[in-house]
There are 2 protein chains.
Amino acid sequence: MIASQPAWQPQYARREPRMRGSDIRELLKLLKRPEVISFAGGIPDAQLLPIQRTRAVMDRILADPETSREALQYSASEGHPPLRNWIADHMRRLGVACGEDNILITCGSQQALEFLGRLFITPGDTVLTEGPTYLGALQAFAPNEPVYDTALGEGSNVTPEACRQAAAQAGGRVSLAYLVPDFANPTGRTMSRKARLEHIALARELGVPLIEDAAYTALRYDGANESSLLALDIETCSDIDRSCIIYCGTFSKVISPGMRVGWIVAAAPIVEKLVLIKQASDLNSPLINQMCIHALAETAFDDLAERARSTYRTRRNAMLSALAEHFGGDARWTEPDGGLFVWMTLDDRVDASALLKVALDHHNVAFVPGAGFYPGDGGVNKLRLSFSQSTPEQIGDGIARIAAAYRELMQRKSRLT
Amino acid sequence: MIASQPAWQPQYARREPRMRGSDIRELLKLLKRPEVISFAGGIPDAQLLPIQRTRAVMDRILADPETSREALQYSASEGHPPLRNWIADHMRRLGVACGEDNILITCGSQQALEFLGRLFITPGDTVLTEGPTYLGALQAFAPNEPVYDTALGEGSNVTPEACRQAAAQAGGRVSLAYLVPDFANPTGRTMSRKARLEHIALARELGVPLIEDAAYTALRYDGANESSLLALDIETCSDIDRSCIIYCGTFSKVISPGMRVGWIVAAAPIVEKLVLIKQASDLNSPLINQMCIHALAETAFDDLAERARSTYRTRRNAMLSALAEHFGGDARWTEPDGGLFVWMTLDDRVDASALLKVALDHHNVAFVPGAGFYPGDGGVNKLRLSFSQSTPEQIGDGIARIAAAYRELMQRKSRLT
């Protein structure tokens, strides 16, 4: 009887082939060798995590009879009211007049992106993005079977009509736009005020929501903050509840990624819909994490942000110096004012995946090849370098190793031709 | 210019009208009055939460330089390996031979249900359930626009052919089945071994995955455990990687709902797909929560489960006694062997929503009307009573109040007729 039982072959939903892994996360698994200098993962330095503060806050929450019981019980899908209020204050400091009803707490901003895709994208619809863009956003939107139009970005002069026509040709309509205006992943670029206003106008004319992914906004190392898309839009429409901008923030880059606490700021009617999605998805974010993040944010957000900026600024400077020293005219790269990434463009003939193989196998250094950040083709000769997890010395050493790998690859090429 | 700016009207995805809130969660918001005895929320008693143990474990995690840094950083989408291994051991004790590769950690079992709907349901597909069933499952599946066929349940003699035909008539195919075999929400009923085998055979003949929602399994107050659907299926197919049963477990009922830690046990190829969904949805569950739950499970799962059983058994007994005392022949109700719920059926002429209004307004007692637990029509004269959050004295008092509300409603009716 056992032998005759046929193996069951699962039949998945139509959307299943769209669900693909991140090459980066696969790559990170290979980087456990301590001799490898990794510029791959765009994650905070664990040395900056506020461990002692977290320990004290957790103990306080769990020592109090009332907060401890709340912390370990089910809680509101919307999120912890004091944390929502802190975020509303924080957003007001960023020029966004809003209240608790405009805030939803999510499990990191990744969950925010997944919820927004689910709320707005019908299969076949077009999502407007930059190319390249944050790979995790593409993964978050994928189950909704969108088509991508990479028409956005600094200097884009795409018209609403062109976007509409392309979407109609793809069999749907434009239903969403997505941008990382500050220190973008993967390029490190920051959008000018002019480009921000143009993109808001485009979204308004198209009548679509524009997601502002502000994951890196607190990490500015030089210059003055640009106004957020949401703040700029509210200047025009005068009320967040009339705005088409949906802002996604996170505590992952400044306090702790492991707590998984992010947030959405949007018009209250949109937040109401998102609360239903939150309820259906995981009932609520863990309250103990929200209480802990609230206490840390209230007492230490500015300190922690300043400590992160100070550390990462030095590392960015080290990376830019090392690139100038070791690559000179052989490549171009962005010079980010903040965030975690430098985006590098190599000679047209170089495949960054081939370079990575040489770099990892012969030189113990890692980065992320650029092609994975494009919804379609592109980026073969580009790569992303994160400076967040290495000391200035390691950064100098690692860039020298990439340069050596690059020379090795170019020599091989010249032997072959 | 401000005045002329037209208000932006968001246009949502086609699936949006399916996303609806839980009447229960709306109801719970109304129950803050301390004079109300509530049988509404099916949630653990906060008195049973292991607060001191959690405090000690959290402190140990955050005092250790290595675990603290890991705990607050990004982590594996699959989940914390020691916790996955503990769960694999736990499942083996329940008769399910499985390994770490068969386990995914989720943010509560609600997230498990949402992921499974996303993986298996194409819009228009039919999902087989019981009627009534867990409302949260219906909410989790809703974004995928399924059709429901409530053909399942003890004593159902539905055939695969009938399910296929009904699904085809609804414009799709059967793509998923969902059951709560132990102490179901809302009925409290437990499925017999015979019915379990019949439902497994049905799923196998249809070639669809059958979700086993085991949220309440550890809370048995009388009698011997029934084998899980997954254990029974493995007896036939000999290998979990050939099984069509997908088991969803949770620590919410025994350790803490607030930690939001649940799990899926399934064939490894299905878990691989679910890991991609997890990655796209929220990257990973908070590692600090997983470490904490692991330490508590390892040292105290059996103790905590026994303490919960002992407390809830007394409360169930109190509720059944009070129902017999106050309702006699006026109603029928289930006598659950475990879980948190009694399901009550009133006179056909009674609308449980009308009864709730009288009960809340005049008698300060609450429960959940039954109609919300049906994917389609039904349950108007039924209601769900949870005994988990009230002392035996409150339970006796609360049931007496519902009986008084019931008499008041019936007297009004007889005056009207």
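Summary of the structure given here. Nothing here was measured: the structure is a model prediction, and the numbers come from that model.

Moving on, we come to the sheet that holds strand β3 (residues 126–128) of chain B. All names here are of chain B. Spatial strand order, β2-β8-β7-β6-β5-β3-β4: 7 strands in an open sheet with mixed pairing. The sheet is open, and its two borders are formed by β2 (103–106) and β4 (147–149), each paired with just one other strand. Across the sheet, the axes of successive neighbouring strands diverge by a mean angle of 25°, strand direction being ignored. Sheet analysis places strand β5 (residues 174–179) next to strand β6 (residues 210–213), joined by 3 bridges and oriented parallel. What sits directly across from A177, in β6, is L210. Contacting β5, β6, β7 (245–250) and β8 (262–265), helix α9 (residues 229–237) runs over the sheet at an angle of about 150° to β7. Each of β2, β7 and β8 touches helix α10 (residues 268–282); the most contacted strand, β2, lies at about 25° to it.

Another point: a negative patch on the surface. Residues and elements named next belong to chain A. Where like charges cluster on the molecular surface, the negative patch consists of D101, D239, D241 and E272. Relative to the assigned elements, E272 resides in helix α10 (residues 268–282). Residue classification places E272 among the exposed residues on the basis of a relative accessible area of 56%.

Residue and element names in this part refer to chain A. At a minimum axis separation of 9 Å, helix α11 (residues 287–327) and helix α13 (residues 392–416) run at an interaxial angle of 30°. Judged by the angle between their axes, α11 and α13 are roughly parallel. For the crossing formed where α11 meets α13, the hand is right-handed. When α11 is examined against α13, the residues T314, R315, A318, M319, A322, L323, H326 and F327 are found in contact with a partner set consisting of P392, I395, G396, I399, A400, I402, A403 and Y406. Classifying every residue of the contact of α11 with α13 gives 12 nonpolar, 3 polar and 1 charged.

All chains considered together, the criterion is met by 44 salt bridges over all chains. In this structure, D397 of chain A engages R401 of chain A in a salt bridge whose closest nitrogen and oxygen atoms are separated by 3.2 Å. Taken as a pair, D397 of chain A and R401 of chain A lie in helix α13 at a separation of 4 residues, close to a single helical turn. Notably, a salt bridge pairs K357 of chain B with D361 of chain B, separated by 2.7 Å at the nearest N-O pair.

For the coordinates displayed, the defined rule picks out 22 aromatic pairs over all chains. Seen in terms of ring centroids, W343 of chain A and F373 of chain A are 5.9 Å apart; in terms of plane orientation they differ by 85°. Their pairing is edge-to-face. One end of the pair, W343 of chain A, is in strand β10 (residues 341–346); the other, F373 of chain A, is in the loop between β12 (368–369) and β13 (382–386), with 30 residues separating them in the sequence. Ring centres of W86 of chain B and F251 of chain B lie 5.8 Å apart, and the angle between their planes is 50°; this geometry places the pair in the tilted category. Taken together, the positions of W86 of chain B in helix α4 (residues 81–93) and F251 of chain B in the loop between β7 and β8 put the pair 165 residues apart, joining distant regions of the chain. Side by side, W86 of chain B and F251 of chain B carry an identical accessibility label, which is buried. The ring of W86 of chain A carries R93 of chain A above its face, with NZ or CZ at 5.6 Å from the centroid.

What follows concerns the relation of the copies chain B and chain A. For the pair chain B and chain A, the relating rotation is 180°, the translation along its axis is 0.0 Å, and the fit reaches an RMSD of 0.0 Å. With respect to symmetry, the two chain copies, as superposed, fit the operation of a two-fold axis. Of the residues that chain B buries at the interface, 100% are likewise interface residues in chain A, meaning the two copies contact each other through the same surface.

Taken as a whole and assessed by the stated rule, the structure comprises 0 disulfides over all chains. Free of any disulfide, C107 of chain B has its nearest cysteine sulfur in C107 of chain A, 4.5 Å distant. In this model C248 of chain B remains outside any disulfide bridge; the closest cysteine sulfur is found in C98 of chain B, 14 Å from its own.

So, how was this worked out
Residues numbered from 1 in each chain as written. Chains lettered and ligands numbered in written order. Predicted model: local features only at pLDDT ≥ 70, side-chain atom pairs only at ≥ 80, totals over all residues. Heavy atoms only, no water. Pairing = 2+ DSSP bridges. Helix = DSSP H or I, 4+ residues; strand = E, 2+ residues; numbered from the N terminus. Axes fitted to C-alpha atoms, helices over the stretch in contact; angles between N-to-C directions. Contact = heavy atoms within 4.5 Å. Patch = residues over 30% accessible without salt bridge, like charges linked within 9 Å, V, L, I, M, F, W, Y side chains within 5 Å. Areas by Shrake-Rupley, 256 points an atom, 1.4 Å probe, with all protein chains shown as cover. Salt bridge = Lys/Arg side-chain N within 4 Å of Asp/Glu carboxyl O. Lys, Arg positive; Asp, Glu negative; His and termini not counted. Charge placed at Lys NZ, Arg CZ, Asp CG, Glu CD. Buried < 20%, exposed > 50% of the residue type's maximum accessible area, 1.4 Å probe, protein only. Parallel < 35°, antiparallel > 145°, perpendicular 65-115°, else oblique. Left-handed = near helix turned anticlockwise from the far one by under 90°. Nonpolar A, V, L, I, M, F, W, Y, C, P; charged D, E, K, R; others polar. Phe/Tyr/Trp six-rings, centres within 6.5 Å; stacked < 30°, edge-to-face > 60°. Lys NZ or Arg CZ within 6 Å of the ring centre and 35° of its normal. Least-squares fit on C-alpha atoms with pLDDT ≥ 70 in both. Disulfide = S-S within 2.5 Å.

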